[in-house]
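Here's the letter readout for the chains.
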Amino acid sequence: MNKKNLPIIRRAICMLLCLQMLVPLFAPVVLADEVEEVQLSAKPLSYLDNKTFFDFASVEQPALDSVYAMAVNLDTGSVMYEKNPDVLLFPASAVKLMTAVVVFENVTDLDTMIYASENAVKITSGTRINPTRPIKAGEGFTVRELLYGLLVNGANDCANVLAEHVGGSVDGFCEMMNKRAAQLGAKNTTFKNPTGLHDPEMKTTVRDLAIISCHAFYINELVKMASSTNYTIEATNLTSERRYLYNRNRMIRRVENEKNYFYKGTLGLSSGSTPEGGNCVVAAVSRDGLSYLTVVMNAGGTEKENYAFDDTLLLMNACFENFSVQKVAGAGVIQCEIPVELAAKVDHVTLHAAQDISALLPNNLDFEKDIQLDNRVLSDAKAPIEKGQTFGELVVKYKGSVTLGTTSLVSGISVERSNLLYVLSILTAFFTSRWFITAAISAVVLFVLYCFLYYKARKRQRRYRR
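Residues numbered from 1 in each chain as written. Predicted model: local features only at pLDDT ≥ 70, side-chain atom pairs only at ≥ 80, totals over all residues. Heavy atoms only, no water.

J.: How should I be thinking about the environment of Pro131 in this particular structure?
T.: Inspection of the secondary structure puts Pro131 in the loop between helix 4 (118-122) and strand 4 (140-142). For the pair Pro131 and Ala155, spaced 24 residues apart in sequence, the C-alpha separation works out to 9.8 Å. (Helix = DSSP H or I, 4+ residues; strand = E, 2+ residues; numbered from the N terminus.)

J.: What exactly am I supposed to notice about the sheet that holds strand 1 (residues 68-73) here?
T.: The pairing of strands in a sheet happens through backbone hydrogen bonds and is either parallel or antiparallel. Spatially, five strands are ordered 2-1-9-8-7 in an open sheet, and the strand pairing comes out antiparallel. Edge strands, defined here as strands with exactly one partner in the open sheet, are strand 2 (79-83) and strand 7 (266-274). On average, adjacent strands in this sheet sit at an angle of 5° to one another, irrespective of strand direction. Inspection of the sheet shows strand 1 paired to strand 2 by four bridges, in the antiparallel sense. Residue pairing for strand 2: Ala69 is matched across the bridge by Lys83. Across the sheet, helix 8 (residues 206-217) is in contact with strand 1, strand 2, strand 7, strand 8 (278-287) and strand 9 (290-299); its angle to strand 9 comes to roughly 140°. (Pairing = 2+ DSSP bridges. Axes fitted to C-alpha atoms, helices over the stretch in contact; angles between N-to-C directions. Contact = heavy atoms within 4.5 Å.)

J.: Help me understand the side chain of Ser228, please; the structure alone is not making it clear to me.
T.: Residue position: Ser228 is located in the loop between helix 9 (220-226) and strand 5 (230-233). Residue Ser228 is classed as buried on the basis of its relative accessible area, which comes to 15%. Apart from the residues lying within four places of it in its own chain, the contact partners of Ser228 are Tyr148, Val152, Asn247 and Ile252. (Buried < 20%, exposed > 50% of the residue type's maximum accessible area, 1.4 Å probe, protein only.)

J.: How should the packing of helix 3 (residues 95-106) against helix 6 (residues 156-167) be read in this particular structure?
T.: Packed helix pairs are characterised by how far apart their axes lie and by the angle those axes make with each other. Contact geometry of helix 3 with helix 6 gives a least axis separation of 10 Å together with a crossing angle of 35°. Seen along the crossing, helix 3 lies across helix 6 with a hand that is left-handed. Residues Lys96, Val102, Val103 and Asn106 of helix 3 form the contact with helix 6, whose participating residues are Asn156, Leu162 and Val166. Taken together, the residues that form the contact of helix 3 with helix 6 break down as four nonpolar, two polar and one charged. (Left-handed = near helix turned anticlockwise from the far one by under 90°. Nonpolar A, V, L, I, M, F, W, Y, C, P; charged D, E, K, R; others polar.)

J.: Just to check I follow, could you spell out the environment of Ile129 for this structure?
T.: Its place among the elements puts Ile129 in the loop between helix 4 and strand 4. Look at Ile129 and you get buried, because its relative accessible area is 1%. A sequence separation of 26 residues divides Ile129 from Ala155, and the C-alpha atoms of the two residues are 4.8 Å apart. The contact partners of Ile129, leaving out residues within four places of it in the chain, are Pro134, Ile135, Phe141, Asn153, Ala155, Asp157, Cys158, Ile233, Arg243 and Leu245.

Spelled out as C-alpha cells, the structure:
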C-alpha cells in the first residue's frame, strides 16, 4: 500500500464513524401518546364443575325481579350467576351493542362523513338523536357522532343511518349482524333490525347477549362512548344548532325525580325497554381491580323505578361484596424440601414458589379446607445447585377440582458439590454399571475357561512325558 494514501484512508474511516454516531439522532422518535394501545380480548364464558361461581362457592344468591339474568367476571370469564340463560327472549335495546360492534369493525375511519337517506329517516320510530331535532334526510354526520348518538342516547335514527352506510341496506346490515354474532358464539340469536324495536322473529338469549357484550367491552372506543355522561354534536349542514346528548343509563347519570341508580365505576353498556321485552340493562362495572358484566332482561318497573336497574345493582353488589382476588401461594414461600445428593454441607434443599398465585375467590373461603397445594417434584436434586433452579411445579386447586394456577418450584439456596462424594459417586456408578458388571462376569468366565483349558493342556503334557 502506498504510504501517501494512509492519511486519506484514516480521514475516510473517521467520517464513517462520525456518520454512524449521528444516525440515531435522526431516527424517528415514538412519543408515549403514539404507542399503539394493547387491545385485550374477551375471555370465553366458563363454569366451575358446570356450576356458577355463586353455586360452587355456596354463596347466597340475590332474588331478582327479572325473568332472565346473568353475571360474568370479565377478568376470568367466570359465570357468577345465571337465571334462565338459554331461554329465547326479545332483546330490546341490547341490540344496539351488536349494531355498534358491527359498525366499528367495518369502518376504518370513525370521522368518515355519511349522509342520512330518506329511507333511513322514514323507517325510524321510537327514540331519536334529539326529541325536537331528529336526523333529517340529507343531513351529514361522522360515524363517531352517530355511534355516540346510538350508545349515549339510544337513538334509533342513528342506528338506521349507520346500518345503511355499512350494510348497503338495513336488511344487508342485519345479515352482517347475524353472521358476526354466530362467529362470536351467539348461536341462538337472530337480528331483524339494528334498533331493538320489537319484531316477533328477533330473539336472543341472556347467554348470547353476555357473549356479545363481553366482546363489546373490550372495544375501548365503544366503552368510552357508552360510559360518557353527555356528548355534544356540532351544527350540521341542515341544522344550525348544536345537539346535546345525555346518557340514559341511570347508573351513569342521575335523573331528577327518579330513583337514584348511580353506581361508581359503571362503563355502560346499554339500557332500554319495549312493551314486549320489558326493561333491560346490560351493565359493565370496573372498580377495586375487578370488572363485572351483568345482563338483566324483561324486568318490570313503575313510573319512577326501573326494576332492571334494581336487579343490576343487586347483582353487582353481590359480586363485589362476596368475591375478591386472593393470594393462594406466595413467591419465595417454602413449599417442601427434597434430599440432595453430593452436597458438601447439606443433605436437603427447600423448594419455594417462583411466583405469586392469585385468583378470584369467595370472601368466606376456608383456606385449609378449600385450597389444595400440590407439589409436583419432577427431578432429583444433585449438587451443585443454583439458587432459583427449577425442580418441579406447584399446582394450586380450589375444592379439589378447579385449578387456580401453577408456578415453578425452585431452590431457595445454592448448594456446593463435594468433590470427594462426586468422585465416589462416579466410581460407584462405574462399578455398578451394567457395562462393568457384564465385563466383570465376562472376565471371570474367561478366566475360569482359561484355567480349565490350562489345566487340560498341562494334564495332556504329563501323559506324553510318561
